[in-house]
Amino acid sequence: MEDRNNNRTNGVVAVYTDDAKDMILESSSHYCAHCQETKSCRTLKSFDNLARKNMLNIKQSYKKNPCNDLYDDSHDSYISLVSLEEFKQDYTKYIDNAKDKRDRLHEFNIYKRM
């Protein structure tokens, strides 16, 4: 038997290896009409799984980055995407960030099923 009423949503960190990087990220430039600047950024490739559905999923009123279609890495995705090397350098930072977002669950459009 499963107790869904008291089942809390977990915080999540998605860690990728160098071998997987090219399958999930690409570099691009983006022109933002809001700040009228062109910026270099990482673009998250489109793939269909539950982790991807919970990235870049902050509700507009809570979005930290004011630029159109640009998101703050650590704030604007429920599931943070971080390289294994970065995670190993300061894993507590990413775990604490996931805990913080778990406590701000109402700020995100959360997907729990495909």
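As a reminder, the structure under discussion sits directly above these lines.
Criteria and thresholds
- Residues numbered from 1 in each chain as written.
- Predicted model: local features only at pLDDT ≥ 70, side-chain atom pairs only at ≥ 80, totals over all residues.
- Heavy atoms only, no water.
- Core = buried A, V, L, I, M, F, W, Y, C linked by side-chain atoms within 4.5 Å.
- Buried < 20%, exposed > 50% of the residue type's maximum accessible area, 1.4 Å probe, protein only.
- Helix = DSSP H or I, 4+ residues; strand = E, 2+ residues; numbered from the N terminus.
- Contact = heavy atoms within 4.5 Å.
- Phe/Tyr/Trp six-rings, centres within 6.5 Å; stacked < 30°, edge-to-face > 60°.
- Lys NZ or Arg CZ within 6 Å of the ring centre and 35° of its normal.
- Pairing = 2+ DSSP bridges.
- Salt bridge = Lys/Arg side-chain N within 4 Å of Asp/Glu carboxyl O.
- 1 Å grid on protein atoms, 1.4 Å probe; cavity = no way out; pocket = protein on both sides within 12 Å on 5 of 7 lines; lining within 4 Å.
- Points joined across faces, edges and corners; volume = space filled by probe spheres on them.

Draft legend 1. Examining the nonpolar core more closely. Judged by nonpolar contacts, Ala14, Tyr16, Ile24, Leu25, Leu44, Met55, Ile58, Tyr78, Ile79, Leu81 and Phe108 together constitute the single largest core of eleven residues. Elements with a contribution of two residues or more to this core: strand S1 (12-16) and strand S4 (79-83). Residues within four places of Met55 in sequence aside, it is in contact with Ala14, Leu44, Ser77, Ile79 and Leu81.

Draft legend 2. The packing of aromatic side chains, seen in detail. Under the defined criterion, the tally for this structure stands at three aromatic pairs. Look at Tyr78 and Phe108: their rings are 5.3 Å apart centre to centre, the planes differ by 70 degrees, and that puts the pair in the edge-to-face class. Placement of the pair is Tyr78 in the loop between helix H2 (50-53) and S4 and Phe108 in the segment after helix H4 (91-103), with a sequence separation of 30 residues. Of the two residues, Tyr78 and Phe108, both sit in the buried class. Considering the side-chain rings of Phe87 and Tyr94, the 6.1 Å spacing of their centres and the 35 degrees angle between planes classify their relative orientation as tilted. Tyr94 gets classed as buried once you look at its relative accessible area, which sits at 14%. In this structure an aromatic cluster arises from ring pairing among Phe87, Tyr91 and Tyr94. The ring of Tyr111 is capped by Lys53, whose NZ or CZ atom sits 5.7 Å from the centre of that ring. In this structure, Lys63 packs its charged tip against the face of Tyr71, placed 4.8 Å from the ring centre.

Draft legend 3. Spatial organisation of the environment of Arg113. Mapping Arg113 onto the fold places it in the segment after H4. When its relative accessible area of 61% is taken as the criterion, Arg113 is described as exposed. The spatial distance from the C-alpha of Arg113 to the C-alpha of Ser74 is 23 Å, given a sequence separation of 39 residues.

Draft legend 4. Region of the structure containing the pairing of S4. Judged by how many residues are buried, S4 sits mostly within the fold: five of five residues are covered. Burial of S4 is two-sided: the residues Ile79, Leu81 and Ser83 facing one way and the residues Ser80 and Val82 facing the other way are all buried. With five bridges joining them, S1 and S4 adopt parallel strand pairing. Pairing of Val12 across the sheet is with Ile79, part of S4.

Draft legend 5. Just the pattern of salt bridges, in detail. Taken as a whole and assessed by the stated rule, the structure comprises six salt bridges. Between Arg104 and Asp100 there is a salt bridge, and its shortest N-O distance comes to 3.0 Å. Owing to a relative accessible area of 11%, Arg104 belongs among the buried residues under this scheme. Among the ionic contacts, a cluster of salt bridges with common partners joins Asp100, Arg104 and Glu107.

Draft legend 6. Layout of the layout of surface pockets. Quantified by volume, the largest pocket comes out at close to 610 Å³. What lines the largest pocket is a set of 28 residues, among which Arg42, Leu56, Tyr71, Asp72 and Asp73 lie closest to the centre. Looking at the lining of the largest pocket, the elements that each hand over two or more residues are strand S2 (25-32), strand S3 (37-44), S4 and H4. Here the element with the most residues in the lining of the largest pocket is S3; it accounts for six residues.

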